[in-house]
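What the coordinates show
Now for the letters of each chain:
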Amino acid sequence: MNENEELTEGFSNEEEASGDALTRVTGMYKDWFLDYASYVILERAVPAIEDGFKPVQRRIMHALKELDDGRYNKVANVVGHTMQYHPHGDASIADAMVQIGQKDLLIDTQGNWGNILTGDRAAASRYIEARLSKFALEVIFSPKITEWQLSYDGRKKEPVNLPVKFPLLLAQGAEGIAVGLSTKVLPHNFIELIDASIKHLKGKGFKLFPDFPTAGIIDVTNYNDGLRGGKIRVRAKIETFNKNTLVIREIPYGTNTSSLIDSILKANDKGKIKIKKIEDNTAAEVEILVHLPNGISPDKTIDALYAFTACESSISPLGCIIEDNKPIFMGMTEMLRRSTDNTVELLKAELEIQLNELEEQWHFASLERIFIENRIYREIEEEETWEGVIAAIDKGLKPHTKHLRRAVTEEDIVRLTEIRIKRISKFDLDKAKQHLESLEDKIAETKNYLANLIDFAISYFLELKKKFGKERGRKSEIRIFDDIEATKVVIRNTKLYVNREEGFVGTSLRRDEYVTDCSDIDDIIIFTKSGKMMVTKVDSKTFIEKNILHVAVFKKKDKRTTYNLIYKDGRGGPSYIKRFNVTSITRDKLYDLANGKASSDVLYFSSNPNGEAEVISVHLRQSGSIKKLKWDIDFADVLIKGRTSKGNIVTKYPVKRIELKEKGLSTLKPRSIWFDDIVNRLNVDERGELLGEFRPNDLLLVVNQKGFVKTIVPDLNARFDDDMIILEKWNPNKPISAIYYDGDKERYYIKRFLIESSNKEELVISEHPKSQLELISTDWRPVVELEFVKPRGKDAKPNQKVDVEDFIAVKGIKALGNQLTAEKVKNVNSLDSLPYEEPEVQSPNDIEVIEEENVENENTTKKEGDDESQTTLF
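About the criteria used
- Residues numbered from 1 in each chain as written.
- Predicted model: local features only at pLDDT ≥ 70, side-chain atom pairs only at ≥ 80, totals over all residues.
- Heavy atoms only, no water.
- Helix = DSSP H or I, 4+ residues; strand = E, 2+ residues; numbered from the N terminus.
- Rg over C-alpha atoms; globule rule 2.2 N^0.38 Å.
- Buried < 20%, exposed > 50% of the residue type's maximum accessible area, 1.4 Å probe, protein only.
- Contact = heavy atoms within 4.5 Å.
- Pairing = 2+ DSSP bridges.
- Axes fitted to C-alpha atoms, helices over the stretch in contact; angles between N-to-C directions.
- Parallel < 35°, antiparallel > 145°, perpendicular 65-115°, else oblique.
- Left-handed = near helix turned anticlockwise from the far one by under 90°.
- Nonpolar A, V, L, I, M, F, W, Y, C, P; charged D, E, K, R; others polar.
- Core = buried A, V, L, I, M, F, W, Y, C linked by side-chain atoms within 4.5 Å.
- 1 Å grid on protein atoms, 1.4 Å probe; cavity = no way out; pocket = protein on both sides within 12 Å on 5 of 7 lines; lining within 4 Å.
- Points joined across faces, edges and corners; volume = space filled by probe spheres on them.
- Phe/Tyr/Trp six-rings, centres within 6.5 Å; stacked < 30°, edge-to-face > 60°.
- Lys NZ or Arg CZ within 6 Å of the ring centre and 35° of its normal.
- Salt bridge = Lys/Arg side-chain N within 4 Å of Asp/Glu carboxyl O.

On a plain count of helices and strands, the protein chain comes out with 18 helices and 49 strands. Here the C-alpha atoms of the protein chain give a radius of gyration of 41 Å, more than 25% beyond the 29 Å that 2.2 N^0.38 yields for 874 residues. Overall size of the protein chain, expressed as C-alpha extent along the three principal axes, is 155 × 115 × 50 Å. By the burial criterion, 45% of the 874 residues in the protein chain qualify as buried. Of the contacts formed within the protein chain by residues at least 6 apart in sequence, a portion of 67% connects residues at least 24 apart.

Structure, rendered in structure tokens:
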């Protein structure tokens with residue numbers, strides 16, 4: 001069968017009218033795809049578990065070792081040398097070598113090797129140089145225990161696997177896409193890998209988490225040991241430089257400053273965030289300045305950067321490696337165990353070879369001593385043949401070889417004949433004995449290492465850590481991320497309008513009534529005159545129902561916004577009153593807040609963001625013998641129930657009108673707020689430390705280690721720095737006590753003050769660069785203890801207790817304060833404060849509001865507040 005026949009074998013000879021003939025692929029095509037897929041998986045894309053290298057990487061390291069003379073080699077030269085072993089072109093080799101060099105572990109680089117932070121490419125391979133690092137020389141190469149194979153053209157020998165005595169695959173990471181298969185092993189920390197290997201050797205458990213050269217912040221909650229289905233979240237490290245500037249100092253893995261800035265600019269163009277300009281000052285370290293317009297919240301912008309830009313991304317690891325010429329999926333802990341066990345086996349093989357070499361040295365040194373000390377060389381003077389020489393030496397050695405550890409071979413005797421006369425004439429018996437004793441000590445030491453192989457391996461890893469672990473600490477900070485709701489941080493980049501009469505809402509109705517600013521990802525809630533309600537996405541123009549009463553941006557799970565409603569139940573029916581929240585809905589579904597009867601009509605409606613309950617006056621129409629035509633109703637007397645509740649009856653008679661008599665106070669109880677120090681955020685989900693119950697005007701007191709004090713609104717979007725030392729509910733009447741070291745006067749000062757301006761950050765220590773805050777207290781009557789420095793040759797002054805309230809009066813926040821002492825202070829310690837009874841605050845009657853979603857017909861509790869409500873009268 002010729003080639004054409006083979007390629008077309010299996011095709012149907014009959015043509016079907018429909019053209020849907022079944023085609024079978026046979027012949028060479030049958031195996032080509034599988035062969036190609038296997039080749040790409042095994043020879044190009046996926047690393048081996050034995051040494052952690054892909055074939056091209058292994059060949060590069062082998063070429064570098066062959067060229068190694070301690071000096072730098074041109075990368076172009078290394079690439080050319082590698083091509084003796086690698087069946088592909090120079091471009092793939094050069095790219096792979098640059099990637100290894102940028103990981104700063106195996107290759108000592110010189111020249112422009114690119115920048116992983118900025119994304120700049122390396123210079124051409126003819127301009128840059130490389131040599132093996134000291135670490136690579138120590139852990140990768142050991143020719144005596146290396147298995148070799150012929151190169152692709154049969155001219156050279158190359159290693160099957162390099163004898164790597166370190167979990168290199170986990171240290172460097174690996175990424176590759178094969179045919180129908182991929183791998184993504186994330187890089188891990190050098191020191192943590194060594195510590196984990198030691199723990200494994202000791203039979204202890206361990207955990208491994210990624211560490212990236214670009215640093216950043218990572219959330220490893222769902223890492224899943226690097227197996228399929230796992231995920232980590234990575235974030236840039238963003239700090240508030242000042243009220244109008246953010247600074248990015250670390251970037252997420254997988255990005256660079258160029259791509260990060262592009263993503264920020266795109267988000268700004270789309271209106272997701274609002275920025276003024278960006279400056280990229282990145283050099284050896286990342287520094288991107290994000291300038292904000294006036295009035296834009298830095299905290300909210302940080303959240304928006306995480307939500308809408310590459311400042312946060314997720315990475316899905318996939319631990320796939322080659323073992324015994326087969327791809328298998330494996331977790332990171334198992335990879336480390338295999339690598340560590342392999343290291344132990346390699347160390348054992350090296351020790352066994354070393355022991356064999358030492359014993360051979362001892363054997364020949366002993367023979368040499370016998371040969372020279374007993375002058376056996378004289379017995380060959382009369383011999384005329386080579387066989388006679390060998391026999392004479394063998395005969396002369398026999399009386400002295402009983403203590404040898406193996407039999408004397410002809411090869412040993414031949415080596416004795418090669419000893420030069422000069423060596424025989426200078427033979428020193430004492431030195432020979434010392435050399436033999438030294439070899440015996442080394443043999444005993446090596447045998448001890450083999451007998452205690454695990455301890456030897458642990459010592460080996462500890463030595464690696466000591467020699468190469470400096471400045472290789474963790475770069476990526478592990479932290480649990482808070483979930484950011486995009487709708488809460490998006491910039492309101494468009495305007496919402498309503499045509500109440502016709503029943504349209506949208507962003508394109510610019511000739512109609514303006515409602516509020518919104519974003520294109522917001523939901524909006526709409527109430528109509530007939531008692532209907534709908535929540536829908538913001539769009540250019542949406543029809544709801546004629547006669548719209550109220551439109552607002554909808555907040556999901558909002559348990560504080562309360563709607564007050566009076567409606568007429570059908571034509572000629574009674575009027576009902578109800579209060580309710582809307583916490584969860586089905587989008588675009590039209591809900592009936594009345595009883596579903598035709599001609600139902602809303603008589604009064606108000607939306608109250610903080611649960612306000614107003615007082616209204618109800619006026620009835622004159623009808624029959626009705627005596628009472630007007631009375632007042634306080635919504636505070638109406639329980640908050642579910643939106644589907646019927647409500648309480650107001651009157652059976654026709655209502656003429658309803659008027660607002662008195663705006664109401666909040667009926668919601670103060671909101672309990674917690675601080676979660678894991679994510680450094682406030683929450684109302686009972687996570688972390690309870691800060692207290694907050695009413696609308698209550699503020700938080702924040703103090704940091706630099707001496708800045710401020711009060712802020714307890715916004716759940718606020719971010720808090722790690723140097724914060726006080727976070728509590730602010731009591732405007734409670735003085736704050738601070739002790740600080742004044743860098744100018746080189747003395748300790750003490751001051752007590754009240755915060756005079758809320759929502760303003762102020763420095764409470766002097767501005768000298770050496771000034772520093774020593775202690776700050778928000779107790780009513782704090783007490784501190786001073787420890788003094790011991791003068792040379794004298795006893796230290798006894799510790800002094802200071803009653804801060806008695807020592808200094810309350811002064812202005814800008815006051816310098818009083819000098820605490822003229823002595824040199826060693827420590828300032830806080831003691832138990834003196835007792836103080838706070839004045840009782842008269843609390844109003846509270847009404848507890850139901851917190852559960854979709855719970856209907858349940859009572860809630862009264863609360864007080866002072867926010868105004870939006871009211872519609874009919």
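Picking up after the structure, the text goes on.
Glancing now at the side chain of lysine 165. For lysine 165, the position within the fold is in the loop between strand E5 (157-159) and helix H7 (168-172). When its relative accessible area of 3% is taken as the criterion, lysine 165 is described as buried. Not counting the four nearest positions on each side in its chain, lysine 165 is found in contact with Glu138, Val139, Phe141, Ser142, Thr343, Leu346, Leu347, Glu350, Tyr460, Phe461 and Leu464.

Here we come to the sheet that holds strand E14 (residues 312-315). Here we have 4 strands laid out as an open sheet, ordered E14-E9-E8-E17, and mixed in their pairing. Two strands lie at the open edges of the sheet, namely E14 and strand E17 (477-478), each paired on one side alone. Sheet topology places strand E9 (residues 232-235) next to E14; 4 bridges connect them, and they run antiparallel. Each bridged residue has a counterpart across the sheet, and for arginine 233 the counterpart in E14 is serine 314.

Axis separation between helix H11 (residues 332-373) and helix H15 (residues 429-451) bottoms out at 9 Å; the angle between their running directions is 160°. Considered as vectors, H11 and H15 are oriented roughly antiparallel to each other. For the pair H11 and H15, the crossing hand works out as left-handed. Among the residues forming the contact of H11 with H15, the class breakdown is 11 nonpolar, 5 polar and 9 charged.

Here we come to the pairing of strand E29 (residues 612-620). Within E29, 9 of the 9 residues are buried, which leaves the element mostly enclosed by the surrounding structure. The two faces of E29 match: Glu612, Glu614, Ile616, Val618 and Leu620 on one face and Ala613, Val615, Ser617 and His619 on the other face are all buried. Of the pairings in the sheet, the one linking E29 to strand E33 (residues 655-666) comprises 8 bridges and is antiparallel in character. Following the sheet pairing, serine 617 is matched in E33 by glutamate 659. As defined by bridge partners, E29 adjoins strand E30 (residues 630-634) across 5 bridges and the pair is classed as antiparallel. When the sheet's bridge partners are listed, serine 617 is paired in E30 with aspartate 632.

In this fold, valine 655 is placed in strand E33. For valine 655, a relative accessible area of 15% translates into the label buried. Counting along the chain gives 80 residues from valine 655 to proline 735, while the straight-line C-alpha distance between them is 56 Å. Among all residues touching valine 655, those that are not within four sequence positions of it are Ser575, Leu603, Val618, His619, Leu620 and Arg621.

Relative to the helices and strands, alanine 451 is located in helix H15. Here alanine 451 falls in the exposed class, since its relative accessible area comes to 61%. Sequence separation of alanine 451 and glutamine 361 is 90 residues, and the distance between their C-alpha atoms is 21 Å.

An order of E39-E37-E38-E42 is seen for the 4 strands of this open sheet, with the pairing classed as antiparallel. For this open sheet the edge positions go to strand E39 (724-729) and strand E42 (762-763), each flanked by a neighbour on one side alone.

Attention shifts here to the nonpolar core. By size, the foremost hydrophobic cluster in this structure holds 69 residues, and its most contacted members are Met61, Leu106, Ile140 and Phe166. Other than its neighbours up to four places away in sequence, leucine 106 contacts Phe53, Met61, Ile100, Arg131, Leu132, Ser133, Phe135, Ala136, Ile140, Leu168 and Gln172. Formed by 26 residues, the second largest nonpolar core is a distinct cluster that contains Ala236, Leu246, Ile264 and Leu292.

The next subject is the packing of helix H3 (residues 55-67) against helix H5 (residues 90-102). One can describe the packing of H3 onto H5 by two numbers: an axis separation of 10 Å at closest approach and a directional angle of 80°. With respect to their mutual orientation, H3 and H5 come out roughly perpendicular. On H5, the residues that touch Val56, Gln57, Ile60 and Leu64 of H3 are Ile93, Ala96, Met97 and Ile100. Looking at side-chain class alone, the contact of H3 with H5 contains 7 nonpolar, 1 polar and no charged residues.

Let us look at empty space enclosed by the protein. Enumeration over the complete set of coordinates arrives at 7 cavities of 30 Å³ or more. Taken as a whole, the second largest cavity encloses approximately 90 Å³ of empty space. Where the lining of the second largest cavity is concerned, the elements lending two or more residues are H7 and H11. By residue class, the composition of the lining of the second largest cavity is 8 nonpolar, 3 polar and 2 charged.

Within this structure, the stated rule accounts for 22 aromatic pairs. Taken together, a centroid distance of 6.1 Å and an interplanar angle of 70° make the contact between tyrosine 497 and tyrosine 514 edge-to-face. Here tyrosine 497, found in strand E18 (residues 494-499), pairs with tyrosine 514, found in strand E20 (residues 513-518); they are 17 residues apart in sequence, far enough to count as distant. Following the ring pairs from residue to residue traces out a cluster consisting of Phe135, Phe166, Phe190 and Phe468. Stacked on the ring of phenylalanine 753, the Lys or Arg lysine 751 has its end atom at 5.5 Å from the ring centre.

Per the counting criterion, the structure on display carries 46 salt bridges. Between glutamate 477 and arginine 479 there is a salt bridge; the shortest N-O distance is 2.7 Å. For glutamate 513, the salt bridge goes to arginine 500, with nearest N and O atoms at 2.8 Å. Separated by 13 residues along the polypeptide, glutamate 513 in strand E20 and arginine 500 in the loop between E18 and strand E19 (504-506) bring together distant segments of the chain. Glutamate 513 sits in the partly exposed class, given a relative accessible area of 38%. Beyond isolated ion pairs, a larger network of salt bridges with shared partners links Arg233, Arg235, Asp303, Glu312, Asp482, Asp483, Arg681 and Arg719.

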